[in-house]
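Chain residues, written in single-letter form:
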Amino acid sequence: MSIDQVPPKTVPSPVPAPGPLTARAPARPSPAAALHIVSAATAVLLALVAIGALIHEALLIPPLAASAALIHSAPTLPLSQPRSVIGGHLLCAGVGFGVLAVSGSSPWAAAVAGSIALAVTLLARTPHSPACATAVIVVLQRPAPVSFLATLAGAGLLLVAAGYAASRARREAPAYPAYWW
């Protein structure tokens, strides 16, 4: 075999690093897991509605529905942990009330409150994206601070307790919470 007949060496091409175009979506949950997740989230959201009807307060606000979705569908994420759920909502509500006191109620002030709330949750190590929406709601809706904070804290505790109970009810479910505080 002459030099002209030697096949060239092939260099394997590097495997591309996972990125937005090569990464894969998460696996689809099994039907049993999906039913468990949706049932648990539905139960706690209905409980918020029922308790709200009993005490004549609106307990179910959109950020809490988003929190329930995170707790039940992604229970191991930092965003789903009790520290982030309860602490995040309370901190962000406080930011909302602060912005409301300084600048009044307007969409502009609500946007600023949502951004400041994000910064505060990051600095406090309580990241919880639905809580940023709580700051926006406070600025736009102007609720009574004491009753809003009390019901928000109670609703957050109920969400966490429901996540804990649901994770214990199904053996294959990831344990919730991954950490308490």
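Because the structure is predicted, anything quoted here is derived from the model rather than measured.

The helix and strand inventory of the protein stands at 6 helices and 0 strands. Out of the 181 residues belonging to the protein, those deemed buried represent 37%. Intrachain contacts of the protein at a sequence separation of at least 6 include 73% that bridge at least 24 residues. About 10800 Å² of surface is accessible on the protein, with carbon and sulfur atoms providing 71% of the total.

Two numbers describe how helix α2 (residues 62–73) lies on helix α6 (residues 145–169): the axes approach to 10 Å, and their chain directions differ by 20 degrees. Judged by the angle between their axes, α2 and α6 are roughly parallel. Crossing hand, α2 versus α6: right-handed. Contacts between α2 and α6 involve Leu64, Ser67, Ala68, Ile71 and His72 from the former and Leu152, Ala155, Leu159, Val160, Ala162, Gly163 and Ala166 from the latter. Looking at the contact of α2 with α6 residue by residue, the class counts come to 9 nonpolar, 3 polar and no charged.

By the element assignment, Val44 lies in helix α1 (residues 31–55). By relative accessible area, Val44 is classed as buried at 3%. In sequence terms Val44 and Leu158 are 114 residues apart; their C-alpha atoms lie 7.5 Å from each other. For Val44, the residues in contact, after removing those within four places along its chain, are Ala68, His72, Leu158, Leu159 and Ala162.

One pass over the full model with this rule turns up 1 cavity of 30 Å³ or more. Within this model, the largest cavity holds a volume of roughly 40 Å³. Lining the largest cavity, in full, are Ala58, Leu59, Ile61, Leu64, Phe148, Thr151, Leu152 and Ala155. A per-element tally of the lining of the largest cavity places α6 first, with 4 residues. Considering only residue class, the lining of the largest cavity consists of 7 nonpolar, 1 polar and no charged.

Time to look at the layout of surface pockets. The computed volume of the largest pocket comes to approximately 170 Å³. Every residue lining the largest pocket is counted, 16 residues in all, and those nearest its centre are Ile37, His72, Pro75, Ala173 and Pro174. Put simply, the parts of the chain that give the lining of the largest pocket at least two residues each are α1, α2 and α6. Looking at the lining of the largest pocket, the element that brings in the most residues is α1, giving 4 residues. By residue class, the composition of the lining of the largest pocket is 10 nonpolar, 5 polar and 1 charged.

Running from amino to carboxyl end, α1 crosses α6 at an angle of 150 degrees, the nearest separation of the two axes being 10 Å. One element, α1, and the other, α6, form an angle in the roughly antiparallel class. The handedness of the crossing between α1 and α6 is right-handed. Here His36, Ala40, Val44, Ala47, Leu48, Ile51 and Ile55 of α1 lie close against α6, whose contacting residues are Thr151, Ala155, Leu158, Leu159, Ala162, Ala166 and Ala169. Its residues assigned to classes, the contact of α1 with α6 comprises 12 nonpolar, 2 polar and no charged.

Conventions we followed
All residue numbers refer to position in the chain's written sequence, counted from 1. Per-residue local features are limited, in this predicted model, to residues with pLDDT of at least 70; the limit for side-chain atom pairs, both in listing and counting, is 80 or more; totals at the level of whole chains, interfaces and linings are taken over all residues. Side-chain numbers come from the whole structure's heavy atoms, not from hydrogens or water. Runs of E in the DSSP output that reach at least two residues are strands. Runs of H or I that reach at least four are helices, and both are numbered from the N terminus. The buried label goes to any residue with under 20% of its type's maximum accessible area, the exposed label to any with over 50%, and the partly exposed label to all in between, with areas taken from a 1.4 Å probe on protein chains only. Throughout, a contact is declared for two residues whenever any of their heavy atoms are within 4.5 Å. Residue exposure ignores everything except the shown protein chains as possible cover, and the areas themselves are Shrake-Rupley values with a 1.4 Å probe. Angles shown run from 0 to 180 degrees and are taken between the N-to-C directions of axes, each axis being a line fitted to C-alpha atoms and, for helices, limited to the stretch in contact. An angle counts as roughly parallel when it lies under 35 degrees, as roughly antiparallel when it exceeds 145, as roughly perpendicular when it falls between 65 and 115, and as oblique in every other case. Working rule for handedness: look at the near helix, and if it is turned counterclockwise from the far one by less than a right angle, call the crossing left-handed; if clockwise, right-handed. Under this grouping Gly is polar, as are all residues other than the nonpolar Ala, Val, Leu, Ile, Met, Phe, Trp, Tyr, Cys and Pro and the charged Asp, Glu, Lys and Arg. Grid spacing is 1 Å over the protein atoms alone, the probe is 1.4 Å, and a cavity is where that probe fits but cannot get out, while a pocket is an open set with protein on both sides within 12 Å along at least five of seven lines and lining residues have an atom within 4 Å of a point. Grid points are joined across faces, edges and corners, and a volume is the space filled by probe spheres set on the points.

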